[in-house]
Amino acid sequence: KFTVKNSHHLKQKLDQLKLKPGKNKKMVLCTVDVRSMYPSINFNLIKKTINWTAEKFQFNDADRKLLDQIMKLLESCNNLNVGQFLTKYYDFRVGEEEPGLVMGSQESAYLADQVMEVLYRWAEEKGLLKGHMFNYRDDGLYLQDFESEEEVKEWFGNLNSAVGGWTENKIVLELEYGQEV
């Protein structure tokens with residue numbers, strides 16, 4: 001619902017909104033960034049989003065058991081990842097209590113997308129997203145009618161606080177830009 005695959009997909013979604021310059025004078029475009037997204041998403045957070053999804057869509061016990069096995073496999077892959085530079089190998093997980101996702105791996109990108117999708121769906125259910133959110137990895141575009149800059153800041157403060165609470169302060173959002181469109 002919120003995840004976009006590429007710029008062409010984003011354009012298709014924006015075209016569906018049928019926005020016309022000058023008619024949406026109070027419509028504000030906000031860009032949202034997730035600070036240090038990959039290292040911030042650990043497997044406890046991934047499990048929380050998977051469990052939320054399983055409850056939301058009423059997965060049966062067999063589906064939940066399969067998900068548990070898949071999660072164990074993905075966590076193992078994530079924790080066994082190493083990097084190489086020239087002739088040296090580096091283990092980036094040494095000393096980390098709750099390692100986050102490894103940057104550059106396909107499963108990390110997929111899992112990060114899933115976490116953000118669930119997070120934005122949760123925020124929408126809580127009434128924190130009343131406009132249009134589009135997300136690509138750690139970057140979000142949000143369109144909503146706002147009366148003032150103060151209202152944008154209040155909305156963003158409420159969203160960031162709620163997201164921090166739900167993720168135990170693992171995910172921190174940054175408002176990078178707000179402009180009338």
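Above this note sits the structure.
Rules and cut-offs
- Residues numbered from 1 in each chain as written.
- Predicted model: local features only at pLDDT ≥ 70, side-chain atom pairs only at ≥ 80, totals over all residues.
- Heavy atoms only, no water.
- Pairing = 2+ DSSP bridges.
- Helix = DSSP H or I, 4+ residues; strand = E, 2+ residues; numbered from the N terminus.
- Phe/Tyr/Trp six-rings, centres within 6.5 Å; stacked < 30°, edge-to-face > 60°.
- Buried < 20%, exposed > 50% of the residue type's maximum accessible area, 1.4 Å probe, protein only.
- Lys NZ or Arg CZ within 6 Å of the ring centre and 35° of its normal.
- Patch = residues over 30% accessible without salt bridge, like charges linked within 9 Å, V, L, I, M, F, W, Y side chains within 5 Å.
- Areas by Shrake-Rupley, 256 points an atom, 1.4 Å probe, with all protein chains shown as cover.
- Salt bridge = Lys/Arg side-chain N within 4 Å of Asp/Glu carboxyl O.
- Expected span 1.5 Å × (residues − 1).
- Axes fitted to C-alpha atoms, helices over the stretch in contact; angles between N-to-C directions.
- Parallel < 35°, antiparallel > 145°, perpendicular 65-115°, else oblique.
- Left-handed = near helix turned anticlockwise from the far one by under 90°.
- Contact = heavy atoms within 4.5 Å.

(A) Up close: the pairing of strand β5 (residues 139-145). Two elements, strand β1 (residues 27-34) and β5, share 7 bridges in a ladder whose sense is antiparallel. Directly across from Thr 31, in β5, lies its bridge partner Leu 141. By the bridge criterion, 5 bridges tie strand β4 (residues 132-136) to β5 in an arrangement that is antiparallel. Within β5, the residue paired with Tyr 136 across the bridge is Asp 139. Between β4 and β5, which pair antiparallel in sequence order, lie 2 residues; one of them, Arg 137, sits at a positive phi of approximately 55°.

(B) Expanded view of the packing of aromatic side chains. What the rule picks out here adds up to 5 aromatic pairs. With 5.7 Å between their ring centres and 50° between their planes, Phe 146 and Trp 155 make a pair best called tilted. Assigned by exposure class, Phe 146 and Trp 155 land together as buried. Every member of this aromatic cluster is reached through a ring pair, and the members are Tyr 142, Phe 146, Trp 155 and Phe 156. Over the ring of Tyr 136 we find Arg 137, and its NZ or CZ is 5.1 Å from the ring centre.

(C) Geometry of a nonpolar patch on the surface. Among the surface-exposed residues, Phe 85, Leu 86 and Tyr 90 lie close enough to one another that they form a single nonpolar patch of about 370 Å² accessible area. Along the chain, the position of Tyr 90 falls in strand β3 (residues 88-90).

(D) Quick peek at helix α6 (residues 149-166). For α6, with 18 residues, the first-to-last C-alpha span of 26 Å sits near the 26 Å given by 1.5 Å per residue. Glu 168 occupies a position one or two residues after α6 and carries a positive phi of about 55°.

(E) Structural context of unusual backbone geometry. Even without being glycine, Gln 58 reaches a positive phi, approximately 50°. Counting through the fold element by element, Gln 58 comes out in the loop between α3 (43-56) and α4 (61-79). With phi around 60°, Asn 169 is a residue other than glycine that occupies positive phi space. Within the secondary structure, Asn 169 sits in the loop between α6 and β6 (173-180).

(F) Structural context of the packing of helix α5 (residues 106-125) against α6. Two elements in contact, α5 and α6, have axes whose closest approach is 11 Å; the angle formed by their N-to-C orientations is 120°. Classified by the angle between their axes, α5 and α6 sit oblique to one another. Read as a crossing pair, α5 and α6 show a hand that is right-handed. In this structure, α5 uses Val 118, Leu 119, Trp 122 and Ala 123 to contact α6, whose residues at the interface are Leu 159, Ala 162, Val 163 and Trp 166.

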